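# Coordinate analysis (summary)
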Amino acid sequence: QDTCAYATKKQTTAESTEDDNYGGVAPYATNAPFVSALMAFAERDAAYFCFPGHNGGKAAPAMLSQLFGPDVFTYDSTPLPWIGNLFSSEGPLTAAQKLAAEVFGSSETWFLVGGSSCGVMASIMATCSPGDFLVLPRNAHISATHAMVLSGAIPKYITPEYSSLWDVAGGVTPSQVETAIEELKEGGKRAAAVLITSPTYQGICCKIDEITKLCHSHGVPVIVDEAHGAHFKFHPRLPMTALEQGADLVVQSTHKVLSSLSQSSMLHMSGHRVDRERVRRCLEALQSTSSSYLLLASLDAARAQLSENPGAISGKAMEMADLARLQIGRIPGLSILDASCFSSDFPYMDPLRVTVGVSRLGLTGFKVNELLCEEHGVIPELAGMRSVTLVFNWGTSMEHTERLITALSHLSTRFLDENRSQNQVGSGVITPFAGFSRELSPREAFFAKKRKVDIGESLGEICGELICTFPPGVPVLNPGEVVTREALDYLQDARNKGAVILGAADPRLSSMLVCSE
């Protein structure tokens, strides 16, 4: 108690009250309560007999101090009772989460330090018990598969529309969701939850409002992986948020287009269809008890930034994205992904995502990504076999936008005529989700005995591992699925063209782990 009193002596003000300071321990500003409490803690001259071992930076590795600067270590502290942690029921962190709920429009918000993967996993575990069925798109993030391993849920997959011209999957439609729910009913089963990915990595949005109304009419809660749409609420040209469209649990990556640190996200809850206490328990099981104060502070600060000037955060970025889309679309050999590239009705796309088709240059997206990075100092967000995806945010400048346009123009001039007589790269690319079937649940396959076989001998076997290209982290083969020729051809083609293979014990794909009978 004496240490706490000493620690906060310099911060006590005449305006402070017992309630404001949580017992006189640490006053904080109401606009950013967690950040303010952390600043108050860092300003004191405390003797550290606690974690972490860098001791407020005094024992930090010199190269790390040079990389980050010395001040960052003073904010990287062990969880302190007067500041709180992710499992506290009061204090500055709880206050920060309540403010986030107000800004994003939820009934409750939890901060996440394990990325949106943690939020997706907690949401599925909170709604699905062992043997329950989860309706989800086949292009859901790998975290959904991990959640089914942990929860014992069984997937009822919906195959999204896939554009082989772009090597991009779209969203799912309300009719597809309804068909999946009805097919389960016909078999004497019911969906415990529906998971929707919206927007996709390329910014394609589903009709969440229609899907939620449909699911709720069947008594089924809706989880939306809105990792790429945390910014939607903050400009009138952006699509409506999943919360505004009635979703029950929504996961958002605050670090993607908004400005918190990488790995920091939020899980939002709305309504009473999902047990709040079960969500909390799942988060306790998945999140670290030593959660990073730096990540938590970045979430509080990003929320405060939005509160101060909500419209400006997307307005400037929108202007840059509009300019880039217009100018890049005029460059010979390049094209821009839009809703017309899909036959299904996806009426909304994130205007801050610009996906550029490059196959007519005779180059893969992986090669274009490499050239942009190494020769022009331009870093795209995502490279694919036939495109690169660019993300615009509040920090995007006119100078950098012009550099991007100039760089792509140079690539067009350099490669279009040279490769004009060649076939487009990837024309005839194979649909990665074609003909998949499941023999075991993800959990059964995960814990089954495995054996290694040559890749040529894996055809028709039950896959024992989760294999995908990364990014975006969408499984081509899930544990428990039958290995198909289409999946093998797609993976090997992607690897040969520069994709990173994630999840395979052998990333060269010369062998594979399959389930033993």
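Our next topic: the overall build of the chain. In terms of helices and strands, the chain carries 15 helices and 20 strands. Its C-alpha atoms give the chain a radius of gyration of 24 Å, near enough to 24 Å, the size a compact globule of 517 residues would have. Structurally, the chain occupies a C-alpha span of about 75 × 60 × 45 Å along its principal axes. Taken across its 517 residues, the chain has 55% of its residues classed as buried. Looking at the chain alone, contacts between residues at least 24 apart form 72% of all its contacts between residues at least 6 apart. For the chain, the exposed area adds up to about 22,200 Å²; of that, 51% sits on carbon and sulfur atoms. Computing the positive centroid from 41 side-chain charges and the negative centroid from 55, the chain places the two 3 Å apart.

Paired through their backbone hydrogen bonds, the strands of a sheet run either parallel or antiparallel. Sheet architecture is open: three strands sit in the order β18-β17-β19, paired in antiparallel fashion. In the strand order of this sheet, the two ends are held by β18 (474–477) and β19 (500–502), each with one partner. Sheet twist, expressed as the average angle between the axes of neighbouring strands with direction ignored, equals 40 degrees. Across three bridges, strand β17 (residues 467–470) lies against β18 in antiparallel orientation. Considered in β18, the bridge of cysteine 468 is made with proline 475. Strands in contact with helix α15 (residues 485–496) are β17, β18 and β19; relative to β18, the strand with the most contacts, it is inclined by about 125 degrees.

Tallied over the full model, the rule gives six aromatic pairs. Between phenylalanine 104 and phenylalanine 234, the ring centres sit 5.5 Å apart and the planes meet at 90 degrees, which makes this aromatic pair edge-to-face. Linking phenylalanine 104 in helix α4 (residues 92–104) with phenylalanine 234 in the loop between β8 (222–225) and β9 (249–252), this pair joins segments that are 130 residues apart in sequence. Between the aromatic rings of phenylalanine 446 and phenylalanine 447, the centroid separation amounts to 5.0 Å while the plane-to-plane angle is 80 degrees, which identifies the pairing as edge-to-face. The ring of tyrosine 157 is capped by arginine 138, whose NZ or CZ atom sits 5.4 Å from the centre of that ring. In this arrangement the basic side chain of arginine 138 is found over the ring face of phenylalanine 436, its NZ or CZ atom lying 5.1 Å from the centre.

Glancing now at the nonpolar core. Of all hydrophobic cores here, the largest spans 58 residues; its most connected members are Ile328, Val356, Phe392, Ile467 and Met512. Those residues within four positions of methionine 512 in sequence are excluded, and the remaining contacts are Arg451, Lys452, Val453, Ile455, Ser458, Cys463, Glu465, Ile467, Leu477, Val483 and Leu488.

In this fold, phenylalanine 49 is placed in the loop between α2 (33–42) and α3 (62–68). Residue phenylalanine 49 is classed as exposed on the basis of its relative accessible area, which comes to 81%. Along the primary structure phenylalanine 49 and leucine 326 are separated by 277 residues, whereas in three dimensions their C-alpha atoms are 58 Å apart.

Let's shift gears to the packing of helix α5 (residues 115–127) against helix α9 (residues 276–286). Contact pair α5 / α9: the axes reach a minimum separation of 9 Å and the direction vectors enclose 135 degrees. By the criterion of interaxial angle, the relationship of α5 to α9 is oblique. The handedness of the crossing between α5 and α9 is right-handed. Where α5 abuts α9, its residues Cys118, Met121, Ala122, Met125, Ala126 and Thr127 lie against Arg278, Val279, Cys282, Leu283 and Leu286. Partitioned by chemical class, the residues of the contact of α5 with α9 number nine nonpolar, one polar and one charged.

This part is about the pattern of salt bridges. This model, assessed by the stated rule, comprises 18 salt bridges. A salt bridge links arginine 138 to glutamate 481, with the shortest nitrogen-to-oxygen separation between them at 2.9 Å. Of the two residues, arginine 138 sits in the loop between β2 (133–137) and α6 (142–151) while glutamate 481 sits in the loop between β18 and α15, which places them 343 residues apart along the sequence. Take arginine 138 and glutamate 481: they sit in the same class, and that class is buried.

Another point: α2. Taking burial as the measure, the ten residues of α2 include nine buried ones, the bulk of the element. Buried positions along α2 lie against α4 and α10 (293–308).

Here the focus is the packing of α4 against α10. Where α4 contacts α10, the axes come no closer than 10 Å and their chain directions differ by 40 degrees. When the axes of α4 and α10 are compared, the pair comes out oblique. The handedness of the crossing between α4 and α10 comes out as left-handed. Judged by residue contacts, Leu93, Ala96, Leu99, Ala100, Val103 and Phe104 of α4 engage Leu296, Asp300, Arg303, Leu306 and Ser307 from α10.

Residue-level pLDDT values for the chain average 90, and 92% of them are 70 or greater. A low-confidence stretch, residues 1–27 stays under pLDDT 50, and its non-local contacts, those more than four residues away or across chains, total 29 contacts.

Turning to helix α13 (residues 398–415), a few remarks are in order. Between the first and last C-alpha of α13 there are 26 Å, a value that for 18 residues agrees with the 26 Å anticipated at 1.5 Å per step. Within α13 the residues assigned to the buried category are Thr401, Leu404, Ile405, Ala407, Leu408, Leu411, Ser412 and Phe415. Take α13 and look down its axis: the buried residues cluster within an arc of 160 degrees, on one side only. Opposite the buried face of α13, at more than 90 degrees from it, the exposed residues are Glu399 and Thr413. The secondary structure elements touched by the buried residues of α13 are α11 (312–329), α12 (365–376) and β15 (387–391).

If you walk across this open sheet you meet the seven strands as β1-β10-β9-β8-β6-β2-β3, and the pairing is mixed. Across the chains shown, the open sheet's two edge strands, defined by having one partner strand only, are β1 (108–112) and β3 (154–158). On average, each strand axis in the sheet is tilted by 20 degrees relative to the strand beside it, whichever way the strands run. With three bridges connecting them, β8 and β9 associate as parallel partners. Bridging across to β9, aspartate 225 finds its partner in valine 251. Against the sheet, α5 contacts β1, β2, β6 (191–197), β8, β9 and β10 (265–269), and its axis sits at roughly 165 degrees relative to β9.

With that settled, consider the pairing of β17. A loop of three residues connects β17 with β18, the two strands running antiparallel in sequence, and glycine 473 in this loop sits at a positive phi of about 85 degrees. Of the strand pairs in this sheet, β17 and β19 are connected by three bridges, and their pairing is antiparallel. In the sheet register, phenylalanine 470 faces β19, and the bridge partner there is valine 500.

Rules used in this analysis
- Residues numbered from 1 in each chain as written.
- Predicted model: local features only at pLDDT ≥ 70, side-chain atom pairs only at ≥ 80, totals over all residues.
- Heavy atoms only, no water.
- Helix = DSSP H or I, 4+ residues; strand = E, 2+ residues; numbered from the N terminus.
- Rg over C-alpha atoms; globule rule 2.2 N^0.38 Å.
- Buried < 20%, exposed > 50% of the residue type's maximum accessible area, 1.4 Å probe, protein only.
- Contact = heavy atoms within 4.5 Å.
- Areas by Shrake-Rupley, 256 points an atom, 1.4 Å probe, with all protein chains shown as cover.
- Lys, Arg positive; Asp, Glu negative; His and termini not counted.
- Charge placed at Lys NZ, Arg CZ, Asp CG, Glu CD.
- Pairing = 2+ DSSP bridges.
- Axes fitted to C-alpha atoms, helices over the stretch in contact; angles between N-to-C directions.
- Phe/Tyr/Trp six-rings, centres within 6.5 Å; stacked < 30°, edge-to-face > 60°.
- Lys NZ or Arg CZ within 6 Å of the ring centre and 35° of its normal.
- Core = buried A, V, L, I, M, F, W, Y, C linked by side-chain atoms within 4.5 Å.
- Parallel < 35°, antiparallel > 145°, perpendicular 65-115°, else oblique.
- Left-handed = near helix turned anticlockwise from the far one by under 90°.
- Nonpolar A, V, L, I, M, F, W, Y, C, P; charged D, E, K, R; others polar.
- Salt bridge = Lys/Arg side-chain N within 4 Å of Asp/Glu carboxyl O.
- pLDDT = per-residue confidence, 0-100.
- Expected span 1.5 Å × (residues − 1).
- Arc of directions from axis to C-beta.

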